[in-house]
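Structural overview
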Amino acid sequence: MTLALRDISKTVAGQTHIHTTNLTLQKGTMNVLLGATLSGKTSLMRLMAGLDKPTTGKIFWNDADVTGMRVQDRQVAMVYQQFINYPAMSIYDNIASPLRLQGKSKAEIDVAVRKTAALMKLTPHLSAKPLALSGGQQQRCALARALVKDAGLVLLDEPLANLDYKLREELREEIPKYFEASGAIFVYATTEPEEALLLGGNTVTLYEGRITQFGKTPEVYRHPCDRITAQVFSNPPMNFMAVQKAGSNLTFEGGQNAPAPAGLADGQYTAGFRPHHLEIHRRHKTALEFNGRLLVSEITGSETYLHVEHKGERWIVQAGGVHDGRSGDALSVFLDPAHVYLFDGDGALATPAGFGRGA
Amino acid sequence: MEKTLNQKAWFLVLPVFLLVAFSAVIPLMTVVNYSLQDTFGNNKFFWAGLEWYTELLHSERLWSAFGRQIIFSAIILAIEVPLGVFVALNMPKKGVWASLCLVLMALPLLIPWNVVGTIWQIFGRVDIGLLGHTLAALGIDYNYTRDPLAAWITIITMDVWHWTSLVALLSYAGLQSIPEAYYQAAKIDQASRWSVFWFIELPKMQGVLMIAILIRFMDSFMIYTEPFVVTGGGPGNATTFLSIDLVKMALGQFDLGPAAAFSLMYFLVVMLVSWVFYTVMTNLDKKAGY
Amino acid sequence: MGMAHWPRRLVLGGGLKDMAKITLSKLAHSYLPDPKGEADYALKEMDHVWEDGQAYALLGPSGCGKTTLLNIISGLLTPSDGRVLFDDIDVTQAPTAARNIAQVFQFPVVYDTMSVRKNLAFPLRNRGMDRASINTRVEAIAAIIEMTDVLERKAQALSADAKQKISLGRALVREDVNAILFDEPLTVIDPAMKWALRTQLKSIHAALGHTMIYVTHDQTEALTFADQVVVMYEGRVVQIGTPQALFETPAHTFVGYFIGSPGMNVLDARVEGTFAYVGDEKIALGADYGRPGGKVQIGIRPEFVSLHGKTGMAAKIHRVEDVGRHKIVRAELCGQAVNMIAPEGAEIAADAARIQFKPDAISVFVEDWRLEPGGGKQG
């Protein structure tokens, strides 16, 4: 089973929602669409589902052209951010409804519904109406309806966005399990990098209607192909700084020097590094020291986010433990050059972080 | 948004196409045909070209009916829209009273046009009607069959009674869709009742109000049954609106040619105004989305 | 309701002091007309003082009563029991407009037809401030929320985070507010934008010193925003403390679970003096807890569980999740689930491992409430 988008694009009223895109998703994979609001996640999903027709290009399902085929004729299930269930039906009937439409026998339906309900921890609520349940349970019911169909393609459009933080955490842990049990192609849209990492599988990063990178999730996270992908896949946001390469030397803004990676042309680059790689104590001998100014410190109890200004750039330091300080205080932060990505003038990755190469 | 194409879908709309062809296109073509010819009976027709159109455009009778029509629609809109909004603002938001209000408001809308006309025709009669008789007893000279002003007041009151509910119900639906947070924020900002209306309620009701105005305009511009039943277009020609005039011309005098030309022009005016409304409305929508 | 009979200082703010201490006295609320037992109360009886100029967060899951409490403070809801005092003036029955509070809602509330400037000026115009002062004030606030360049734009056409900044600006524009209340204000904001808005909020609090109360279900937002976090659970305040206190010494297993990601590991155990017994394992505690009875549990944060090659308790590893900055290891110890956090790049054996708990990071709970060493029970 594969879903292939070939030279797909989508233009609505002169505005390009999706630029020309090629993407092939394999059977039994979890694929996360990661990008900010309006980056094209939902547009892409609607094209995959067949809810919209692409302006150009074709969509293939198992090598058969399904461009323009009705959604009803495809094996597609979709779950939305809003909890969409039939309010007048019991949970049992809600889960059973797609099977009834498929004309399955009563016995078959009963077995499938009970199995899915058990997986979704809905067994005690089968006779309840959706609105009598909590948000988490309502969304479980919507997920159950999507899974019970045994569709080849399951599309989840920010399904956890309307849930409480802790419930989100629980369902995030559970969704990969359902996915493993089903063997379908899962596509999961989210704005949160952490969610993509937790779900694993593959990640597609989206920015302004373009796919910037597609690959295994940790791979995309540690080897972003360009600056935009790195930004999309960093929360807290990635920090940047100008750097000059000359000969065997890298000179950071502020005069710090580090050995330059081999094979890099001389010139101006942008260094990118994630907040948790900045330290407030020197841990490695090779770490570079940067003298900045503290703007704000946010303490979570287990760690502290220190917002630092360094030569006009705003950085975030994600440090373990509790660190307080007054706004405006001088603050030294340390960075191991092994954690630095170098991006060239076009934003393309010039050298990955040494750390990333190893992982 | 563009949807998936499926050719089978055309079969589903085929019956509607046939129906529209029989009920609209063919009669319309007949009317066009009539409007360009003259007849002296015996089913014999002579080519008249645009003669009827030129004649009508210079006809004082048509222009005065048109003027009366415009004034009538303007008055109706000027009363029903603010009144409807006012009623909607004062309806209870939830609970038993809200449902009861909705039912009461919907009642006038369920009464057939000619029944409404008959009700008011009797209601206003000086000899037996409650309204007419009471007014006469109070010493007010009210007689819609003799006095043009009384006739206008009667017809306008009747229309307001019949149709304000529609505006009110649509506005009510618009009001219900405003999130509670807006009202809370306004309280916190110490906004006056008027500010709440002007800056929150009215902007949020814009869409439904446009629809209400469009429906009421088209409907009132084509009003026929009620004035026909109540006043028959009189006294004199005081309440002869466009459609009453048209029927007089077509059926009363059997002037098929001019009547056909008349109805086409009538149709075009209604279309034109509706199109203007539609354009304005969609532009507003575009401004709302970004 | 008119506001003539409310003290002038509350209505106009007065010149003495801008913010107020807010006291909740024996406050409780039930949405039922005739509440019988405690179960009928959406908000159980509480006493609390919100100190002047502090930043508080009200943290809890949906339906824990936090929005009810916020609405009582703002005056959108009148409590069924108890009193609300601003400084020492009873405002329990005072309408919202008389309390001089500002509120930022979950979804941005902007006046669509007005420009950004008019939106910001609106609360001041309604209070009859003169034009020149309004302009000065609006421009000062626009600079703080970094919207000076869009002041003349229509609010309607702006993005969600810009609209939410306008809502925040309208709250800040009045110099005399007693408190600013936030009702999950970052719900509709993209993650990257959240960082910017949150720090802006933090800087604004540092600079202007308003009393701020921030309601959220998101622990990161609550912890990073507040000096003091009020954790609510089923209509009850279970702990009030600094982010550090909530993390290190949760007063209730719910706080342990709710704070932290993943939350605290809570294991059924038997406690005898300085040792706890989970299944066959003997675990050293940081202090002497005596011999508590009833339902006894020990809690340990995933951050304080370490993986060791050779020594420690035998645990079965189910799954390792790479979340970028670190790894979450999902394991099982004597039939009970244990999560732990391993550093980025750590090598983790496929199935079995030996784990250790950091003794002084272990909490002991009896009937879900924290037990202090020496047998003292909190809560």
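Structure shown above.
A quick note: this is a predicted structure, and the numbers were derived from the prediction, not measured.

1. Observations regarding the overall build of chain B
Scanning chain B from terminus to terminus reveals twelve helices and two strands. The helix and strand sequence of chain B, counted from the amino end, reads α-β-β-α-α-α-α-α-α-α-α-α-α-α. Dimensions along the principal axes, computed over C-alpha positions, put chain B at roughly 75 × 70 × 35 Å. Counting every position in chain B, which comprises 290 residues, the buried fraction comes to 40%. In chain B, 65% of the contacts between residues at least 6 apart in sequence involve partners at least 24 apart.

2. Things to note about the sheet that holds strand β22 (residues 369-371) of chain C
All names here are of chain C. As summarised here, the arrangement of the four strands in space is β11-β15-β21-β22, forming an open sheet in which the pairing is antiparallel. What marks the edges here is a single partner per strand, and that holds for β11 (265-268) and β22. Along the sheet, successive strands turn relative to each other by an average axial angle of 40°, direction set aside. With three bridges connecting them, strand β21 (residues 363-366) and β22 associate as antiparallel partners. Within β22, the residue paired with Val-366 across the bridge is Trp-369.

3. Here's the deal with the interface of chain A and chain C
Listed per partner, the contact involves 39 residues of chain A and 36 residues of chain C. Between chain A and chain C, a total of about 3300 Å² is buried, with carbon and sulfur atoms accounting for 53% of that surface. On the chain A side of the interface with chain C, the three residues burying the most area are A:Asp164, A:Tyr165 and A:Lys166, jointly 20% of the side's total. With its nearest N and O atoms 3.8 Å apart, the salt bridge here joins C:Arg325 to A:Glu303.

4. Section: the packing of helix α4 (residues 116-126) of chain C against helix α5 (residues 131-144) of chain C
Residue and element names in this part refer to chain C. At a closest axis distance of 10 Å, the pairing of α4 and α5 adopts a crossing angle of 130°. Between α4 and α5, the crossing angle belongs to the class labelled oblique. Crossing angle aside, the handedness with which α4 passes α5 is right-handed. Only Ile-134, Asn-135, Arg-137, Val-138, Glu-139 and Ala-142 of α5 make contact with α4, whose side of the interface consists of Arg-117, Leu-120, Ala-121, Leu-124 and Arg-125. For the contact of α4 with α5, the per-class residue count stands at six nonpolar, one polar and four charged.

5. Points about the sheet that holds strand β8 (residues 185-190) of chain A
Residue and element names in this part refer to chain A. Read from one edge of the open sheet, six strands run β6-β7-β8-β3-β9-β10, paired in mixed fashion. Unpaired on one side and paired on the other, β6 (76-79) and β10 (210-216) mark the two borders of the sheet. For this sheet, the mean angle separating the axes of adjacent strands, direction not counted, is 15°. For strand β3 (residues 30-34) and β8, the ladder comprises five bridges, and the chain directions are parallel. Residue Met-30 lies in a different strand from β8, and its bridge partner there is Phe-186. Sitting on the sheet, helix α4 (residues 135-148) is in contact with β6, β7 (153-157) and β8, with an inclination near 170° to β6.

6. Considerations on the interface of chain B and chain C
With 18 residues of chain B in contact, the opposing surface of chain C contributes 26 residues. Taken together, both faces of the contact between chain B and chain C bury some 1900 Å²; the carbon and sulfur share is 57%. Sorting the residues of chain B by area buried against chain C places B:Ile188, B:Asp189 and B:Gln190 first, and these three jointly supply 36% of that buried surface. At the junction of chain B and chain C, the tally comes to two salt bridges. The salt bridge involving C:Arg170 is made with B:Asp189; its shortest N-O contact spans 2.9 Å. There are eight residue pairs in polar contact (both at pLDDT 80 or more) connecting chain B and chain C. Taken together, the elements giving at least two residues each to the side of chain B that touches chain C come down to α8 (180-188), α9 (193-221) and α12 (256-288) of chain B. Top contributing element to the side of chain B that touches chain C by residue count: α8(B), with seven residues. Of the residues belonging to the side of chain B that touches chain C, the class tally is eleven nonpolar, three polar and four charged.

7. Some words on empty space enclosed by the protein
Residues and elements named next belong to chain C. Counted according to the given criterion, the structure contains five cavities of 30 Å³ or more. Approximately 80 Å³ is the volume attributed to the largest cavity. Lining the largest cavity are Val-104, Gln-164, Lys-165, Leu-168, Phe-182, Pro-185, Leu-186, Leu-197 and Leu-201. Taken together, the elements giving at least two residues each to the lining of the largest cavity come down to α6 (160-172) and α7 (191-208).

8. Some words on unusual backbone geometry
Look at the link from A:Asn235 to A:Pro236: it is a cis peptide, with omega at 5°. Its location among the elements puts A:Pro236 in the loop between α8 (227-232) and β11 (239-246). Here the bond from C:Ser261 into C:Pro262 is cis, since omega is 0°, no more than 30 degrees from zero. For A:Glu208, which is not glycine, the phi torsion reads 45° and is therefore positive. Among the structural elements, A:Glu208 can be located in the loop between β9 (202-207) and β10. Exposure remark for A:Glu208: the relative accessible area of 55% places this residue in the exposed category. With phi around 55°, C:Asp87 is a residue other than glycine that occupies positive phi space. Note on placement: C:Asp87 falls in the loop between β4 (81-86) and β5 (89-90). Take C:Asp87: its relative accessible area is 16%, and that puts it in the buried class.

9. Quick word on the nonpolar core
Counting 81 residues, the largest nonpolar core has C:Leu24, C:Trp50 and C:Leu69 as the members making the most contacts within it. Of all hydrophobic cores here, the second largest spans 48 residues; its members include C:Val104, C:Ile141, C:Ala171 and C:Ala226.

10. Observations concerning the environment of A:Met120
Residues and elements named next belong to chain A. With respect to the secondary-structure elements, Met-120 resides in the loop between α3 (106-119) and α4. For Met-120, a relative accessible area of 0% translates into the label buried. Along the backbone, Met-120 and Lys-177 are 57 residues apart, and their C-alpha atoms lie at a distance of 10 Å. Not counting the four nearest positions on each side in its chain, Met-120 is found in contact with Arg-140, Leu-143, Ala-144, Leu-147 and Tyr-178.

What counts, and where the lines are drawn
- Residues numbered from 1 in each chain as written.
- Chains lettered and ligands numbered in written order.
- Predicted model: local features only at pLDDT ≥ 70, side-chain atom pairs only at ≥ 80, totals over all residues.
- Heavy atoms only, no water.
- Helix = DSSP H or I, 4+ residues; strand = E, 2+ residues; numbered from the N terminus.
- Buried < 20%, exposed > 50% of the residue type's maximum accessible area, 1.4 Å probe, protein only.
- Contact = heavy atoms within 4.5 Å.
- Pairing = 2+ DSSP bridges.
- Axes fitted to C-alpha atoms, helices over the stretch in contact; angles between N-to-C directions.
- Buried area = accessible area lost by both parts, 1.4 Å probe.
- Salt bridge = Lys/Arg side-chain N within 4 Å of Asp/Glu carboxyl O.
- Parallel < 35°, antiparallel > 145°, perpendicular 65-115°, else oblique.
- Left-handed = near helix turned anticlockwise from the far one by under 90°.
- Nonpolar A, V, L, I, M, F, W, Y, C, P; charged D, E, K, R; others polar.
- Polar contact = N/O pair within 3.5 Å; in protein donor to acceptor, adjacent residues only side chain to side chain.
- 1 Å grid on protein atoms, 1.4 Å probe; cavity = no way out; pocket = protein on both sides within 12 Å on 5 of 7 lines; lining within 4 Å.
- Points joined across faces, edges and corners; volume = space filled by probe spheres on them.
- Core = buried A, V, L, I, M, F, W, Y, C linked by side-chain atoms within 4.5 Å.

Take it as geometry only, folks, not as evidence of what the structure does.
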